[in-house]
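Take a look at the letters that make up each chain.
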Amino acid sequence: MTLLIFLRRKLSLTGTKLGCAEGGCGACTVMVSRFNPHHNQIIHHAVNACLAPLCSLHHCAVTTVEGIGSVASKLHPVQERIAKAHGSQCGFCTPGIVMSMYALLRNSPQPSMQDMEEAFQGNLCRCTGYRPILEGYKTFAKGASTHSGQQLFDPSEFMPLDPTQEIIFPPELISLGKQPPRSLRFIGERVLWIQPSSLNELLELKAVYPAAKLVVGNTEVGIEMKFKNLLYPVILAPAYIQELSSIQYTENGIEFGASVTLTMLGKKLHEEVNKLPNYRTEVFQAILEQLRWFAGQQIRNVAAIGGNIMTASPISDLNPVFMAAGCKLTLTSKEGKRALQMDDKFFSGYRKTALKPEEILLSIEIPYTKKGQYFSAFKQSTRKEDDIATITCGMNVVFQQGSNIVKDIKLSYGGIAPTTVLATATCNRLIGRRWGEELMEDACSSLAEEMTLSPSAPGGMVTYRRTLAISLFFKFYLTVQHKLAQMVKPTYVCLNVKPNYASAIELFHVDSPTSVQLYQAVPPGQSTDDMVGRPIMHLSALKQATGEAVYCDDIPQYENGLYLALVTSTKAHAYIKSIETDDAMAVPGVVTFVSAKDLPGSNKTGPAVCDETVFADNKVTCVGHIVGAIVADTQAHAQTAAKAVKISYEEIQPVIITIQDAITNQSFYQPVRTIEKGDLAKGFHESDNILEGEIHIGGQDHFYLETNCTLAVPQGEDGEMELFVSTQSASKTQALVAKALGVPASHIVCRVKRMGGGFGGKESRSTILSTVVAVAAHKVKRPVRCMLDRDEDMLVSGGRHPFFGRYKVGFKKNGKVMALDVTYYSNVGNSMDLSLSIMERALFHMDNCYNIPHIRGTGYMCKTNLPSNTAFRGFGGPQGMMVSESWISDVALCCGVPAEQVREINLYKQGEYTPFNQCLDQFTIDRCWKECVNISDFHQRKARVELYNKQHRWTKRGLSIVPTKFGISFTAIFLNQAGALVHLYTDGSVLLTHGGTEMGQGLHTKMIQVASKTLGIPTSKIHISETSTNTVPNTSPTAASASSDLNGMAVYNACQTLLQRLDPYKARNPKGSWEDWVKAAYFDRVNLSANGFYRTPDLGYDFETNSGHPFNYFSYGVAVSEVEIDCLTGSHKNLHTSIVMDVGKSLNPALDIGQVEGAFMQGVGLFTLEELRYSPQGYLYTRGPGMYKIPAFGDIPTELKVSLLRDAPNEKAIFSSKAVGEPPLFLAASVFYAIKDAITAARAESGLSGPFRLDSPATPERIRNACEDKFTKLCPPPEPGTYTPWDVRV
Ligand SMILES: Cc1cc2nc3c(=O)[nH]c(=O)nc-3n(C[C@H](O)[C@H](O)[C@H](O)COP(=O)(O)OP(=O)(O)OC[C@H]3O[C@@H](n4cnc5c(N)ncnc54)[C@H](O)[C@@H]3O)c2cc1C
Ligand code: FES
Ligand code: FES
């Protein structure tokens, strides 16, 4: 059992959250403290509770978020500051971040910014964009830059940090820790855990149980048991055995016990590097560089060196270094010790080593380096922080004394073969030769021959990996050349690295971020009770920071409650021949298996069209299709049993996975939508130039930190059922559950307190899980709950639609676009879901902000055998606009005109009409553009970029300005309605309910601000408890950015009704208080409950006639971004972003800026980082944070300016505000096009110019491959069609 399960299930301490169960998100972070008797020291560490085995915590103190403070008693400054700095939106990540910060402060009460950035490497947040978290916590740091611009919070309000007030380490644990170690045995249902007290006992045990696993950090074994379904019946835990934890100096280096943690290793090596001359510590420095990018701190605090070596992973970060450095390993068993050199014989196969079963690794000796020896290590990964390597390597060269003639060289690579390998042939060719250009060229050609990969190699990215192997050697070559040239009076000629090559050898480093936020302050005369327009904190933020906020899975367990685990298809397209459940039913605690047979109502479901099933009946149409579910007493039992269900299939052809497959098979959903305006033929005729192009935009997983969760509680009579759900669509959940259960909707209540993020992912797909859980609860007549594991959630719930855009664009020589014919293809998956509306929105945004006189857009929805794709922030808009920016970029490159100029001359003007004939009134793009150019210092920045690019060959900078226009309203007209219900109680308190759900965006906070202003009472008197279908019926999903507009008006309407009812009592007692008036009305038998309603007027669009208004209004924004790319590795840094966003008259600038920054960072993920990878058979590889990389703290722009446009009231929404949730997301395209700009500069060095295709996301792989040069030429891509790739682009 993990510590996390124990805390949440046994102790009901639900503040610690489950986000991934694989150490990749940090939501489960707690502080573990232990006494180290050897150093007589108490050690505090941030640890991932999801991987920490409970058995490993003997004599440890565990501090959870509940332990450091609470709203009910006293907040801890760490909790207060993240909340007040607006660093908590949905709050699901917040306790984990609080605990990472807390653990840091326990070790260092005044940390540096760098300490803080390191402490957060293992924490993810999907909502905030990280900036406000850092801003709040900067107040603890020494030497942090001060904030410029307006403050969204007042640091002088913060409680001071008083380290003397912290909880002390229990003294009894110190005395227990001083006692001689005792061996421990924990006997579980499936595993025997033994903690031996001495090395001898360990070796005896290993002789008895040769197959036993040694577990120190459990960061490998834990993953294998959870995700690879491996079972290790005996586990030996050697963490406390002194010989395995010792660090000793030897003649040649330092010997580290195998259980020494990576944190300890780093600390020791740092000390040595600071103490010893540089030339002695080349290997140590290389290891430190690898550790800088090794996992997050929570993992490094527990993971051991031995675990890394013995896992024998081909992408281990340390093994290539150890191998290239020729480290010595000491192995031991009952039979005695033996020493082994870590060379290419040590790893005998994939995850296999030369150790005998009864042997263990005792220690590793890491050598000092000598004069004339140079060592480097490199790691390249998709995301810099906390990511597994694509290629990782250690490179070691020794020169003949006083010369630049190679005496010995070792190049060791991970990520090229099933084991860590040495490039022996290449090295042999280099021995005896001078370090110079000729050697380099020869080494690169040789590496290209030696470091080959099958085109079908697991992990894919074959061309990139091969190119990297060479490019990283080139970096090593330059690094060594530079060092040789620094030598005092060398006896040989060694030219220093050319100045324009120098940046190629710089270590990747980003400066600490700084930020500015600008917004319109409320006018001086505004009443202090009027909270509208003020940056007030999210009203749940404090509870979220203390772990007191209740999410769906935090609801206490019912005594007779059960857990559910899904059984899903492993085939993409097949008939189900049989389902065998005997083994599953034999698992202890299993109650039943639920399938299509158990539905009392209809098995047909779907949010718009009922074209899918609750449970697959006789056929599956995607991997991850839900076939059934197991219900058991615990989650572990349910999951074990679910894995034991055997399904046999008969495969059906064709299996359609990619958009290209769908085009080939003409597999489309109907209708095919078209919007057309003007005369295309005329437009092309009038053009000076016509070009055609394509872009593919990959999909995106929502990665809300809280996965889908439902608790269904049968009420015992009339088929009534109450559901607690994490959903954006309470009414849809109610309706679809009622349909499946065959009862009227009035018998089902759906309740939503809050969600740990939604982003569209819980708009429709959440209903499937809710229906499954409800059917199970109906069958067993007991409460049933299910919170999906991250891998299940990613597998079954779909994401943003991948899009493919094909365009033909006609334009004048100056870049003015005359005609555009664009076709969109979206990968819809195996059911329609909301895909038609998504495609329509893509078409409504095909113009972005550009006036094209003759235009036609056509949208095809591809029917494929993937899980159904769905709503995701932007809802097709970003994909629609991304294609338009692609042809803008092509036009600019073709005309040789700067892209910003092409954008500017094509921009709409006030009063012009869109392709769907909606007039652009209250048009603010020109104002946003000017302000953004101004605050970003665009023109000077551009000059600096150009200069930089002239001076640097292997790093390039790029700059881009991108506008956005986003239509506000549901395009399904009937959804543009909302309701509210307001109760006044006789003590004057107000209970507010409305149709919207809270998912972190601060909707409830805004609604309370609206009610407070309307009723004229402080926000403290108003409470929102939840969203429920029995208070406000027939609600629209909380989506389309329109929820504040719609629900705000409904709340306003209800409050106005109540005010009118109170008016007579106010008139009678004008000096009375709110409470007096409410009481007076009550005694006068006045109804103190009112509902409100709103429908957006004048909406309606007809595709047939291309007339009517699809949108109530538009939100506008502009962003400028500057990036720097490393042309040799494809990495990039986000140097600067300025955003100007028109949010009307902001209801709450703190929440709105939070939405702008959060959406922007999600867009950065979409366009530069996040890549869903599928096998050709439709199997999703990327099912967790380990392989799927959302932006982390380190990805935020070094300089981020956000300005909310001033004096831009919007008369079409509540209190002149504007929608903000989705519109800013697309502004992250400025980062993508800045990258493209930088690549253009790199290509120019190789004589390449003109348009080129760059698909989204702009990952390191795509960037590197696009920066064509002499190294890429050595690794031509394999001929398409001649092999089966490991993954396909869907
Ligand atoms: C989120 C996350 C991020 C990660 N990031 C990285 C990364 O960036 N780079 C990287 O290289 N790895 C990474 N890893 C992998 C892993 O953390 C490391 O390999 C780590 O060093 C394993 O150490 P451990 O103590 O946790 O191993 P454990 O899981 O405790 O053990 C791992 C294996 O080593 C064996 N073993 C341990 N000690 C001995 C011994 N003394 N003798 C014989 N066998 C022994 C065990 O039997 C077991 O098979 C990551 C893992 C996670 C979960
Ligand atoms: S839940 Fe533990 S790191 Fe994600
Ligand atoms: S606030 Fe961080 S994940 Fe939602």
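Each value, and the rule that gives it
Residues numbered from 1 in each chain as written. Chains lettered and ligands numbered in written order. Predicted model: local features only at pLDDT ≥ 70, side-chain atom pairs only at ≥ 80, totals over all residues. Heavy atoms only, no water. Salt bridge = Lys/Arg side-chain N within 4 Å of Asp/Glu carboxyl O. Helix = DSSP H or I, 4+ residues; strand = E, 2+ residues; numbered from the N terminus. Buried < 20%, exposed > 50% of the residue type's maximum accessible area, 1.4 Å probe, protein only. UniProt positions renumbered as here; feature names shortened; annotations may be inferred. Contact = heavy atoms within 4.5 Å. Pairing = 2+ DSSP bridges. Axes fitted to C-alpha atoms, helices over the stretch in contact; angles between N-to-C directions.

Considerations on the pattern of salt bridges
So, step 1. All chains considered together, the criterion is met by 63 salt bridges.
So, step 2. Among the salt bridges present, the one from Arg292 reaches Glu289, with a minimum N-O distance of 3.0 Å. A residue pair is termed a helical-turn pair when its members lie 3 or 4 positions apart in one helix, as Arg292 and Glu289 do in helix α12 (residues 282-292) at three residues.
So, step 3. By relative accessible area, which is 13% here, Glu289 ends up buried.
So, step 4. As a salt-bridge pair, Lys965 and Asp847 come within 3.3 Å of each other at their nearest N and O atoms. Taken as a pair, Lys965 in strand β37 (residues 955-968) and Asp847 in the loop between α27 (835-844) and β36 (854-863) lie far apart in primary sequence, 118 residues in all. Pair check on accessibility: Lys965 and Asp847 agree, each one buried.
So, step 5. Linked through salt bridges whose partners overlap, the residues forming this network are Arg8, Arg9, Lys17, Asp553, Asp554 and Arg785.

Topic: the UniProt feature "binding site: FAD" (unreviewed entry) in the chain
So, step 1. UniProt records the feature "binding site: FAD" (unreviewed entry) at Leu214, Val215, Val216, Gly217, Asn218, Thr219, Glu220, Val221, Phe294, Asp317, Leu361 and Lys379, using the numbering of this structure. With the annotated positions falling across 166 residues, the maximum pairwise C-alpha distance of 27.2 Å shows that they are not confined to a single cluster.
So, step 2. Mapped onto the fold, Val221 is located in helix α9 (residues 221-227).
So, step 3. According to the relative accessible area criterion, Val221 is buried, its value standing at 9%.
So, step 4. Sequence-distant contacts of Val221, defined by excluding residues within four places in its chain, comprise Lys213, Val215, Tyr232 and Ile235.
So, step 5. Counting through the fold element by element, Leu361 comes out in strand β14 (residues 360-367).
So, step 6. Look past the residues within four positions of Leu361 in its chain and what remains in contact with it is Leu244, Ala258, Gly306, Ile309, Met310, Leu329, Thr330, Leu331 and Leu355.

Digging into the sheet that holds strand β47 (residues 1199-1204)
So, step 1. Reading across from one edge, β19-β47-β46-β45-β37 is the order of the five strands in this open sheet, with mixed pairing throughout. Each edge of the sheet is formed by a strand with only one pairing partner; in this case those strands are β19 (514-518) and β37. Put simply, the sheet's adjacent strands are angled 10° from each other on average, direction ignored.
So, step 2. Both β19 and β47 contribute to a ladder of five bridges, which runs parallel. Bridge pairing in β47 places Gln517 opposite Val1202.
So, step 3. Sitting on the sheet, helix α36 (residues 1229-1245) is in contact with β37, β45 (1113-1126) and β46 (1132-1142), with an inclination near 150° to β37.

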